[in-house]
Amino acid sequence: MEPNVSRREETDSPMKAWNITGVREIMLEDRGAAPVPDDSVKIKMLKGALDTPDSLVFKGQAGAIPVVPGRQGMGIVSETGKNAVRFKRGDRVYAGPLSACGDCAACKAGRLRECAALGQYGIDRDGLLCDFAVLPQRDLYLLPNKVTDSESVFIERAAAGISVLDRLNTEKGEYVVIMGANATGILLAQLALYYQAVPILVDVRRDRLDIAEKLGVYYTVDAVSSDPLKKVFSITCGQMAESMVYALPCSLPLSRAFECVMPGGRAVVTGFAGSGEALSVNLAPLIDRQIAVSFVAAGVENIPTAINTFASGGIESDPLVTETIRFSEVDKFLADNADDPFKNIYTLVDIDRL
Ligand SMILES: [Zn+2]
């Protein structure tokens, strides 16, 4: 008896997945026909993304090899397990980046981020750069029509940004210095505007600051041509900022970033820190100035809010796609670009385009 396996499976072609099989080794594998468990959904993947964590896994600096890369993606439901009643065939869904067990005390209380067996797609469990994925329905989110396919691969970053602003308890009119004009930083700057705060975005890359300016971020600081501290001092009329966000990967020094914050202010370090490289800072000045520092790794609890923010037009991500590649180009892209985490803001993968 095979109550978990759908009949239609037998007629499907084998699933294809990229698999990082060793350090700097990746291959496209046929994975056979995968059964769809009762609580799971089979998705025809349409879009995925390649990002710094994928490069770190490819280089053997993070994650658990072998693993299918791809922390997140979107696609169309092609089949549902008999208990996966939240979705139906044809639904557009977003998947990723965290996978909770669904059974532990934290999961049952709805605090998925605190799951005792939390995994990350593309890092320590198979990710989403595959033509078909079978995933538990609790890791999936229905996409409204107003959220485009390419916007959906930024949902996790936007959700993390919302979690950062929640953590900072940002109020209207407050200055938020954002260090790092990467995908997280630029989305965060837009979210700060959306919540009527005043973002000041700092980076060494003028081209990225220009993108942010076109998206409405009016205070940008080019750290090559000017001193960020002096600029923040001037913009805030000598007060310095109420809060600061250090968005990884960031080429600006962490220690100096805290100097942008006023005494008694708040700071958050966010992004993927799994490379094993030390992020060090002298705590003494932070203690003296009573800066409240905290850390946000992901924003899974805010994924529905992020989806709604995209749907309402509150944030925009298309200019953050530096490059779009085909599914067949994943191996070449990783081999050519893994050593430069700053080359692309974000790389979109057209999974449905071979
Ligand atoms: Zn759990």
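Considering unusual backbone geometry
So, step 1. Note the cis peptide between Ile65 and Pro66, where omega equals 0°.
So, step 2. Relative to the helices and strands, Pro66 resides in the loop between α1 (52–58) and β4 (73–80).
So, step 3. Here Gly96 and Pro97 are connected by a cis peptide whose omega angle stands at -10°.
So, step 4. Mapped onto the elements, Pro97 comes out in the loop between β5 (92–95) and β6 (98–99).
So, step 5. Within the chain, Met240 stands out as a residue other than glycine whose phi angle is a positive 65°.
So, step 6. Mapped onto the secondary structure, Met240 falls in the loop between α7 (228–235) and β13 (241–247).
So, step 7. Of the residues examined, Met240 reaches a relative accessible area of 12% and is grouped as buried.

Some words on the coordination of the zinc ion
So, step 1. Surrounding the zinc ion are the protein donor atoms Cys101 (SG), Cys104 (SG), Cys107 (SG) and Cys115 (SG), at 2.3 to 2.4 Å.
So, step 2. One can describe the donor arrangement at the zinc ion as tetrahedral, given that its 4 donor atoms subtend angles of 103 to 119° at the metal.
So, step 3. Written as a sequence motif, the donor arrangement for the zinc ion is C-x2-C-x2-C-x7-C.
So, step 4. Under the relative-accessibility criterion, Cys101 is labelled partly exposed at 23%.

What to know about the side chain of Asp91
So, step 1. With respect to the helices and strands, Asp91 occurs in the loop between β4 and β5.
So, step 2. Since its relative accessible area comes to 10%, Asp91 is described here as buried.
So, step 3. Here Lys88 takes part through its backbone nitrogen, which lies 2.9 Å from a polar atom of the side chain of Asp91.
So, step 4. The contacts of Asp91, once residues within four sequence positions are left out, are Gly75, Ile76, Val77, Arg86 and Leu142.

So, the nonpolar core
So, step 1. With 49 residues, the main nonpolar core has Phe154, Ile155, Ile186, Leu201, Ile303 and Phe310 as its most contacted residues.
So, step 2. Broken down by secondary-structure element, the contributors of at least two residues to this core are β3 (40–50), α4 (155–168), β10 (175–179), α5 (183–194), α6 (206–214) and α10 (303–311).
So, step 3. In terms of nonpolar packing, the next biggest core, distinct from the first, is built from 35 residues, Ala17, Leu56, Ala95 and Ile351 among them.

Quick look at the layout of surface pockets
So, step 1. Its boundaries defined by the atoms lining it, the second largest pocket holds a volume of some 190 Å³.
So, step 2. Forming the boundary of the second largest pocket are 15 residues, of which Leu254, Val269, Leu279, Val293 and Phe295 lie nearest the centre.
So, step 3. Within the residue set of the lining of the second largest pocket, elements represented by two or more residues are β14 (261–270) and β15 (292–296).
So, step 4. The biggest single contributor to the lining of the second largest pocket is β15, with 3 residues.
So, step 5. Class assignment for the residues of the lining of the second largest pocket results in 13 nonpolar, 2 polar and no charged.

Focus on the environment of Gln137
So, step 1. With respect to the secondary-structure elements, Gln137 resides in the loop between β8 (132–136) and β9 (140–142).
So, step 2. For Gln137, a relative accessible area of 9% corresponds to the buried category.
So, step 3. Remark: the alpha-carbon pair of Gln137 and Val93, spanning 44 residues in sequence, is separated by 10.0 Å.
So, step 4. With residues up to four places along the chain from it excluded, the contact list for Gln137 reads Asp39, Ser40, Val41, Asn83, Ala84, Val85, Arg86 and Phe87.
So, step 5. A distance of 3.3 Å separates a polar atom in the side chain of Gln137 from the backbone oxygen of Asn83.

Things to note about the packing of aromatic side chains
So, step 1. Going through the model one piece at a time under the given rule, you end up with 5 aromatic pairs.
So, step 2. Considering the side-chain rings of Tyr94 and Tyr141, the 6.2 Å spacing of their centres and the 45° angle between planes classify their relative orientation as tilted. Of this pair, Tyr94 sits in strand β5 while Tyr141 is found in strand β9, placing the two residues 47 residues apart along the sequence.
So, step 3. Tyr94 gets classed as buried once you look at its relative accessible area, which sits at 0%.
So, step 4. When its relative accessible area of 14% is taken as the criterion, Tyr141 is described as buried.
So, step 5. For Lys42, the ring lying beneath its charged end belongs to Phe132, and the centroid distance is 5.0 Å.
So, step 6. The positively charged end of Lys44 is found above the aromatic ring belonging to Phe132, 5.6 Å away from the centroid.

Some details on the pairing of strand β11 (residues 198–203)
So, step 1. With 6 of 6 residues buried, β11 is to be regarded as a mostly interior element.
So, step 2. Side chains of β11 alternate between two faces, with Val198, Ile200 and Val202 and Pro199, Leu201 and Asp203 buried alike.
So, step 3. Inspection of the sheet shows β10 paired to β11 by 5 bridges, in the parallel sense. Residue Ile178 lies in a different strand from β11, and its bridge partner there is Leu201.

Let's talk about the sheet that holds β10
So, step 1. Read from one edge to the other, the open sheet built from 6 strands follows the order β12-β11-β10-β13-β14-β15, with strand pairing classed as parallel. Of all strands in the sheet, those bounded by a partner on one side alone are β12 (219–222) and β15. Averaged over all neighbouring strand pairs, the angle between strand axes comes to 20°, with direction disregarded.
So, step 2. As paired strands, β14 and β15 are joined by 5 bridges and run parallel to one another. The residue of β15 that forms the bridge with Arg266 is Ala292.
So, step 3. Lying over the sheet, α5 contacts β10, β11, β13 and β14, oriented at roughly 165° with respect to β11.

Rules used in this analysis
- Residues numbered from 1 in each chain as written.
- Predicted model: local features only at pLDDT ≥ 70, side-chain atom pairs only at ≥ 80, totals over all residues.
- Heavy atoms only, no water.
- Helix = DSSP H or I, 4+ residues; strand = E, 2+ residues; numbered from the N terminus.
- Buried < 20%, exposed > 50% of the residue type's maximum accessible area, 1.4 Å probe, protein only.
- Donors = N, O, S within 2.8 Å, 3.2 Å for Na, K, Ca; no water.
- Tetrahedral: all angles 85-135°; square planar, octahedral: opposite > 155°, others 65-115°.
- Polar contact = N/O pair within 3.5 Å; in protein donor to acceptor, adjacent residues only side chain to side chain.
- Contact = heavy atoms within 4.5 Å.
- Core = buried A, V, L, I, M, F, W, Y, C linked by side-chain atoms within 4.5 Å.
- 1 Å grid on protein atoms, 1.4 Å probe; cavity = no way out; pocket = protein on both sides within 12 Å on 5 of 7 lines; lining within 4 Å.
- Points joined across faces, edges and corners; volume = space filled by probe spheres on them.
- Nonpolar A, V, L, I, M, F, W, Y, C, P; charged D, E, K, R; others polar.
- Phe/Tyr/Trp six-rings, centres within 6.5 Å; stacked < 30°, edge-to-face > 60°.
- Lys NZ or Arg CZ within 6 Å of the ring centre and 35° of its normal.
- Pairing = 2+ DSSP bridges.
- Axes fitted to C-alpha atoms, helices over the stretch in contact; angles between N-to-C directions.

Worth remembering: the numbers are spatial, not functional.
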